[in-house]
Amino acid sequence: MASSMKKILESSFLLSASNLLGRFISFGAVIIITKALNLYEYGALTLAMTVSAPISLLSSFGLESVIVSDMARFRGELLFGKLKKLIRSYSLSKLLLTTIFIAIGWYFKPFLVARYGDLVNDYYLLLTLWIYANIGFTIVNAIVNAYEKFKALAVSDVLEVVFKLVFIVLFWLVGIISVQYVLLAYVLSKLLVTAFLAI
């Protein structure tokens, strides 16, 4: 019991500390982004991020905590066949639902272009990549959570914002910073941190 409590406290501290450090580092990226982009571009970036969030949430109906709990239970009970089946069905359903939502977005693209102009055409592909990168990360994150690798999760929190900051600084120094390149920095960072967690 004492060892379980100690593990919970250590994990909570690690995740809180990494979250705090991540926010501090990401503040540097925000400063560069707001300095490099004009008000219209920054608004477009914010809109793109806002639009992508519900798709990730709807693709699993907010059941991540239940899925992680079942994965951890199957792992604890050594029911590895059930664990693999759950991971496979969870991953496939999340990818399928995401693809359906993106297809619906593609179908309504002419309406969106009429309403928002070239914003939709300019960012649609990168936004789609960002959504899929998020889905991949969410799947891997759920598995890592179920295996209680909290140190890896804490490190990944910090790594993602470090990667993001490095890419944004790099694009800024080269002189190619734009909404597209900020989105690309987000996508690349998410893919790298997902690969780190998957190893």
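Analysis parameters
- Residues numbered from 1 in each chain as written.
- Predicted model: local features only at pLDDT ≥ 70, side-chain atom pairs only at ≥ 80, totals over all residues.
- Heavy atoms only, no water.
- pLDDT = per-residue confidence, 0-100.
- Helix = DSSP H or I, 4+ residues; strand = E, 2+ residues; numbered from the N terminus.
- Salt bridge = Lys/Arg side-chain N within 4 Å of Asp/Glu carboxyl O.
- Buried < 20%, exposed > 50% of the residue type's maximum accessible area, 1.4 Å probe, protein only.
- Expected span 1.5 Å × (residues − 1).
- Arc of directions from axis to C-beta.

### A few points about the confidence of the model for the protein
Interpreting fine coordinate detail is not advised for predicted regions of low pLDDT. Residues at a pLDDT of 70 or more form 82% of the protein, whose mean pLDDT is 79. The least confident element of the protein is helix α1 (residues 2-36), whose mean pLDDT is 70; the most confident is helix α8 (residues 179-198), at 89.

### Regarding the pattern of salt bridges
A full pass over the atoms with the stated rule returns two salt bridges. When the shortest N-O distance is used, the salt bridge between glutamate 160 and lysine 190 registers 2.9 Å. Taken together, the positions of glutamate 160 in helix α7 (residues 150-174) and lysine 190 in helix α8 put the pair 30 residues apart, joining distant regions of the chain. Its relative accessible area of 7% is what places lysine 190 among the buried residues.

### Focus: helix α3 (residues 64-76)
Look at α3: 18 Å from first C-alpha to last across 13 residues, which is about the 18 Å you get at 1.5 Å a residue. For α3, the set of buried residues is Glu64, Ile67, Val68, Met71 and Phe74. Projected down its long axis, α3 shows its buried positions confined to an angular sector of 130 degrees, all on one face. Along α3, the residues that are exposed and aim more than 90 degrees away from the buried face are Ser65 and Gly76.

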